[in-house]
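Structure assessment
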Amino acid sequence: MQYIPVRGQEKYCNMIRDISGAEDKNKEVPDYVEATIFNKEDAVIMVGNFADVKTEAEKSKINHVTKWYKPWFYKHVESVLEKGESEEYIPLREYLLRHDKAIFWVLESMIPFGNHPLFLFLLGWMLPPKPAFMKLTTTATVRAMTFTKQVFQDIILPINKLEEQINKSHELFDTYPVLVYPCRIYDHGKHIGQLRAPRPDQMVPGTNYGMFNDLGVYGVPRLVRERKPWDAVTAMRKMEDFTRSVGGYHFLYADTFLTREEFEEMFDTTAYEVVRRKYFAEGAFPHLYDKTKPEIDVVAVGKAYINPLS
């Protein structure tokens, strides 16, 4: 795993596009690419490739990032901004679970001292809290606060709009770090799946795919941290409008504020509707929109919790 600190938004956005092959189909791309953006101008790009560790020198560079006493992974990445470019080996399973211990960085708002070496050494083995336990103990008030006082969103957006994505996230949420994971969306023709074919300007020249990225925004917005009013509904509606305007998609595990018409504008449900009718699912099983929309009235709840003391 290679860690590359980058200063300047234009520079790190161009580097992400270049490394991921977004502008050159012949570009030799690594097995893994991701970026952690710590503010609008500072990011660390991670470039990973599968490797067999053979020599003693290589073995000495193995980092078991999921050990209970190890710092939270994003803090480890952040240290690269000061230390400079570096390289290490991470066992594959541990890389895949690298953000589990701190639930990315959300745990910091729950346990501010959770990354302290003494806490990690004595109690780090207890992390992360079990999601099933947290859901079991979630009251109506806590459920309301999961989207009115925090942001949990993964959004697929075209990578040629990366600067605009980051600026929009900063404008609406102003919470960091933010994650960027490049990915491809292929053009399989019309009405083949729920993701629409990439627009012409999103296509990688000479290919049948466009380069997109997952924008991961998790945490407490700046206005909430400053105990100022924050309108979660308005912020998320603006983010959804932006996402639709550039041909992107919201992950449906998160709370969405889309109307049925907006949902069908974002996702291509043509084939889905054909299959529902063919197999008599209408009236028997809920529609995808109904299954994924929040179980509470997010607009009403959002308005009720704008006040920081709510």
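Sequence order as written defines residue numbering, which begins from 1 separately in each chain. This being a predicted model, a pLDDT of at least 70 is required before a residue's local features are given, and a value of 80 or more before pairs of side-chain atoms are given or counted; all residues contribute to the totals for chains, interfaces and linings. No hydrogens and no water enter the side-chain calculation; it runs on all heavy atoms of the structure.

For the rest of this paragraph, the subject is unusual backbone geometry. With an omega of -5 degrees, the peptide bond between Leu 127 and Pro 128 qualifies as cis. Secondary structure elements follow DSSP: runs of H or I of four or more residues count as helices, runs of E of two or more count as strands, with numbering from the N terminus. Position of Pro 128 relative to the elements: it lies in the loop between helix H7 (117–123) and helix H8 (131–136). Of the consecutive residues Tyr 176 and Pro 177, the connecting peptide bond is found in the cis state with omega at 0 degrees. Positionally, Pro 177 belongs in the loop between helix H10 (162–172) and strand S6 (178–186). Its identity is not glycine, yet Asp 174 carries a phi of approximately 50 degrees, on the positive side. Within the secondary structure, Asp 174 is located in the loop between H10 and S6. You can call Asp 174 buried: its relative accessible area is 14%. The rule is simple: take the accessible area with a 1.4 Å probe, protein chains only, and divide by the maximum for that residue type; under 20% is buried, over 50% is exposed, in between is partly exposed.

This next bit is on the environment of Val 233. Positionally, Val 233 belongs in helix H12 (residues 232–245). The class of Val 233 is buried, set by a relative accessible area of 5%. For Val 233 and Gln 150, which are 83 residues apart along the polypeptide, the C-alpha to C-alpha distance reads 12 Å. Setting aside its immediate chain neighbours within four residues, Val 233 contacts Phe 257, Val 298, Val 299, Gly 302 and Lys 303. Contact between two residues is taken to exist if any of their heavy atoms lie within 4.5 Å; hydrogens are not considered.

Moving on to the side chain of Arg 17. By the element assignment, Arg 17 lies in helix H1 (residues 9–19). Look at Arg 17 and you get buried, because its relative accessible area is 7%. Definition of a polar contact: a pair of N or O atoms within 3.5 Å, with one able to donate and the other able to accept a hydrogen when the atoms are protein atoms, and with sequence-neighbouring residues admitted only if both atoms are side-chain atoms. Separated by 3.0 Å, the side chain of Arg 17 and the backbone oxygen of Ile 159 make a polar contact. Setting aside its immediate chain neighbours within four residues, Arg 17 contacts Ala 22, Glu 23, Ile 159, Asn 160, Leu 162 and Glu 163.

Okay, the pattern of salt bridges next. Salt bridge, as applied in this entry: a Lys or Arg side-chain nitrogen positioned within 4 Å of an Asp or Glu carboxyl oxygen. Evaluation of the coordinates by the stated rule reveals 22 salt bridges. Of the charged contacts in the structure, one is a salt bridge between Glu 171 and Lys 168, with a shortest N-O distance of 3.5 Å. Placement of the pair is Glu 171 and Lys 168 together in helix H10, with a separation of 3 residues, close to one helical turn. Look at Glu 171 and you get exposed, because its relative accessible area is 52%. Note that Arg 222 is salt-bridged to Glu 226, the shortest N-O span being 3.1 Å.

Attention shifts here to the nonpolar core. Residues belong to a common nonpolar core when they are buried Ala, Val, Leu, Ile, Met, Phe, Trp, Tyr or Cys residues joined through side-chain atoms within 4.5 Å. Among the nonpolar cores identified, the biggest contains 44 residues, and Tyr 12, Ile 16, Ile 45, Phe 173 and Met 239 are the most heavily contacted of them. Each residue touching Tyr 12, except ones within four places of it in the same chain, is listed here: Val 6, Ile 37, Asn 39, Lys 40, Glu 41, Asp 42, Ala 43, Ile 45 and Ile 166.

We now examine the layout of surface pockets. A 1.4 Å probe that fits but cannot get out identifies a cavity on a 1 Å grid over protein atoms alone, an open set with protein on both sides within 12 Å along at least five of seven lines counts as a pocket, and a residue lines either if it has an atom within 4 Å of a point. Grid points are joined across faces, edges and corners, and a volume is the space filled by probe spheres set on the points. Volume-wise, the largest pocket comes out at about 1500 Å³. Around the largest pocket sit 48 residues that line it, and Ile 103, Met 134, Lys 135, Thr 146 and Phe 152 are the ones nearest its centre. Counting only elements with at least two residues in the lining of the largest pocket, the list comes to strand S2 (32–39), helix H5 (92–96), helix H6 (107–110), H8, helix H9 (140–148) and strand S5 (151–158). The dominant element in the lining of the largest pocket, judged by the number of residues it contributes, is H9, at 5 residues. Taken as a whole, the second largest pocket spans an internal volume of roughly 410 Å³.

On to the packing of aromatic side chains, then. Geometry of aromatic contacts follows a simple scheme: Phe, Tyr and Trp rings, the Trp one being its six-membered ring, pair when their centres are within 6.5 Å, and the pair is stacked under 30 degrees between planes, edge-to-face over 60, tilted otherwise. Inspection of every chain in the model, using the stated rule, returns 14 aromatic pairs. Consider the rings of Tyr 74 and Trp 105, whose centres lie 5.5 Å apart with planes at 70 degrees: the pair is edge-to-face. With a gap of 31 residues between them, Tyr 74 in helix H3 (residues 73–78) and Trp 105 in the loop between H5 and H6 connect regions that are remote in the sequence. In this structure Tyr 74 comes out as buried when scored by relative accessible area, which is 3%. Consider the rings of Phe 263 and Phe 267, whose centres lie 5.1 Å apart with planes at 40 degrees: the pair is tilted. Of the residues examined, Phe 263 reaches a relative accessible area of 1% and is grouped as buried. Here a set of aromatic residues connected by ring pairs shows up, and it is made of Tyr 74, Phe 104, Trp 105 and Tyr 218. Over the aromatic face of Tyr 95 sits the side chain of Arg 98, whose NZ or CZ is 4.0 Å from the ring centroid. By the criterion adopted, a ring carries a charge over it if an Arg CZ or a Lys NZ lies within 6 Å of its centre and within 35 degrees of its normal. Across the ring face of Tyr 209, the terminal group of Arg 184 is positioned such that the distance to the ring centre comes to 4.1 Å.

Okay, the pairing of strand S3 (residues 42–48) next. Among the 7 residues that make up S3, 7 are buried, leaving the element largely enclosed by the rest of the structure. Side-chain alternation along S3 places Asp 42, Val 44, Met 46 and Gly 48 on one buried face and Ala 43, Ile 45 and Val 47 on a second face that is also buried. DSSP bridges decide pairing: two strands pair if at least two such bridges lie between them. Note that strand S1 (residues 2–7) and S3 share 6 bridges and pair antiparallel. When the bridges of S3 are listed, Pro 5 appears paired with Val 44. Two elements, S2 and S3, share 7 bridges in a ladder whose sense is antiparallel. Counterpart to Ala 35 in the pairing with S3 is Ile 45. Adjacent in sequence and paired antiparallel, S2 and S3 are bridged by 2 residues.

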